[in-house]
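Analysis of the macromolecular model
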Amino acid sequence: NTLLARDSSFTQVGLFGVAFALAQLILVIPSSLSIPAVSFLSETYAYAETGNFCKLVGVNVRLIWALTLPLALGCALFAPWIVELAFGAAYFPATSLVPWMCFAALLMAINSVIGNAIAGSGRMWHGLAINVFWLALFVIAGVFLVPGHGAEGLAVAFVVSYLALTAGICVY
């Protein structure tokens, strides 16, 4: 946001804030379900074979995907009406940012399940390294995209960094 305000304008910060708020709204249900899952994942990891743990992680990823995809898709498709109803007509330009942030929210939700699995398996240092990797990608993407593209560049930086994180987590 600081980079966006410095290189673009506070108007761009406000428009991005609308799209980010809708992304956070999408994440309410998945976050409510995935955070308590850490204890179940931890217990399964401690007392069961690796196969059961992997199966539980897979079930959780599919569940979060199934819950988040309709929310993200609906929010992206109905962005003009949602933005006007919730924020007012002055924020209509934010509707072009909403699909980017809806996709980022979907990736965030899926990655949070894997992050919780990493925490549940006691691999906190691995989780830290993965998050540092994401942060570095996000900062680099932001530095390159925000100055030339404003709020849209910041939204794309979210998507690019979370796509790379998703690919990295799949390899992990």
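Residues numbered from 1 in each chain as written. Predicted model: local features only at pLDDT ≥ 70, side-chain atom pairs only at ≥ 80, totals over all residues. Heavy atoms only, no water.

**A closer look at the packing of aromatic side chains**
Scanning all chains against the criterion turns up nine aromatic pairs. Ring centres of Phe20 and Phe158 lie 5.7 Å apart, and the angle between their planes is 45 degrees; this geometry places the pair in the tilted category. Residue Phe20 is located in helix α2 (residues 10-26), and its partner Phe158 is located in helix α8 (residues 124-171); the two are separated by 138 residues in the primary sequence. The exposure class of Phe158 is buried, given its relative accessible area of 10%. Put simply, the rings of Phe16, Phe20, Trp134, Phe138, Phe158 and Tyr162 touch in pairs and so form one group of aromatic residues. (Phe/Tyr/Trp six-rings, centres within 6.5 Å; stacked < 30°, edge-to-face > 60°. Helix = DSSP H or I, 4+ residues; strand = E, 2+ residues; numbered from the N terminus. Buried < 20%, exposed > 50% of the residue type's maximum accessible area, 1.4 Å probe, protein only.)

**Some details on a nonpolar patch on the surface**
Residues Leu25, Val28, Ile29, Leu33, Leu63 and Leu71 make up a contiguous nonpolar surface patch of roughly 510 Å² in combined accessible area. Mapped by element, the contributors of at least two residues to the nonpolar patch are α3 (28-34) and α5 (50-77). It is α3 that provides the largest number of residues to the nonpolar patch, a total of three residues. Position of Leu33 among the secondary structure elements: in helix α3. The exposure class assigned to Leu33 is partly exposed, which follows from its relative accessible area of 41%. (Patch = residues over 30% accessible without salt bridge, like charges linked within 9 Å, V, L, I, M, F, W, Y side chains within 5 Å. Areas by Shrake-Rupley, 256 points an atom, 1.4 Å probe, with all protein chains shown as cover. Salt bridge = Lys/Arg side-chain N within 4 Å of Asp/Glu carboxyl O.)

**Examining the packing of helix α7 (residues 98-120) against α8**
Taken N-terminus to C-terminus, the directions of α7 and α8 make an angle of 165 degrees; their axes are 9 Å apart at the nearest point. By the criterion of interaxial angle, the relationship of α7 to α8 is roughly antiparallel. In terms of crossing hand, the pair formed by α7 and α8 is left-handed. (Axes fitted to C-alpha atoms, helices over the stretch in contact; angles between N-to-C directions. Parallel < 35°, antiparallel > 145°, perpendicular 65-115°, else oblique. Left-handed = near helix turned anticlockwise from the far one by under 90°.)

**Considering α2**
For α2, which comprises 17 residues, the first-to-last C-alpha distance of 24 Å matches the rise-based estimate of 24 Å (1.5 Å per residue) to within 8%. Among the residues of α2, those classed as buried are Val13, Leu15, Phe16, Val18, Ala19, Leu22, Ala23 and Ile26. (Expected span 1.5 Å × (residues − 1).)

**Things to note about the nonpolar core**
A general trend in soluble globular proteins is that nonpolar side chains are found buried together. Counting 49 residues, the largest nonpolar core has Leu4, Phe16, Val98, Met101, Leu154, Phe158 and Tyr162 as the members making the most contacts within it. For Phe16, the residues in contact, after removing those within four places along its chain, are Asn1, Leu4, Leu97, Met101, Ala151, Leu154, Ala155 and Phe158. (Core = buried A, V, L, I, M, F, W, Y, C linked by side-chain atoms within 4.5 Å. Contact = heavy atoms within 4.5 Å.)

**A few points about the packing of α2 against α8**
At a minimum axis distance of 8 Å, the contact between α2 and α8 shows a crossing angle of 35 degrees. In this structure, α2 meets α8 at a crossing whose hand is right-handed. Residue-level inspection shows Gln12, Phe16 and Phe20 of α2 in contact with α8, the latter providing Gly150, Ala151, Leu154, Ala155 and Phe158. Its residues placed into classes, the contact of α2 with α8 shows six nonpolar, two polar and no charged. (Nonpolar A, V, L, I, M, F, W, Y, C, P; charged D, E, K, R; others polar.)

**Things to note about the side chain of Thr68**
By secondary structure assignment, the location of Thr68 is in helix α5. The buried category is assigned to Thr68, whose relative accessible area is 0%. Leave out the neighbours within four places in its chain, and Thr68 touches Ile26, Pro30, Ala105, Leu106 and Ala109.

**Description of α7**
With 23 residues, α7 extends 32 Å between its outermost C-alpha atoms, agreeing within 8% with the 33 Å of an ideal straight helix rising 1.5 Å per residue. Summarising burial for α7: 17 of the 23 residues are buried, a large majority. Directly after α7, the chain includes Gly122, whose backbone phi takes a positive value near 75 degrees.

**Some details on the pattern of salt bridges**
One pass over the full model with this rule turns up one salt bridge. Across the salt bridge formed by Arg6 and Asp7, the nearest N and O atoms sit 3.3 Å from each other. Taking relative accessible area as the criterion, Arg6 reaches 62% and is therefore assigned exposed.

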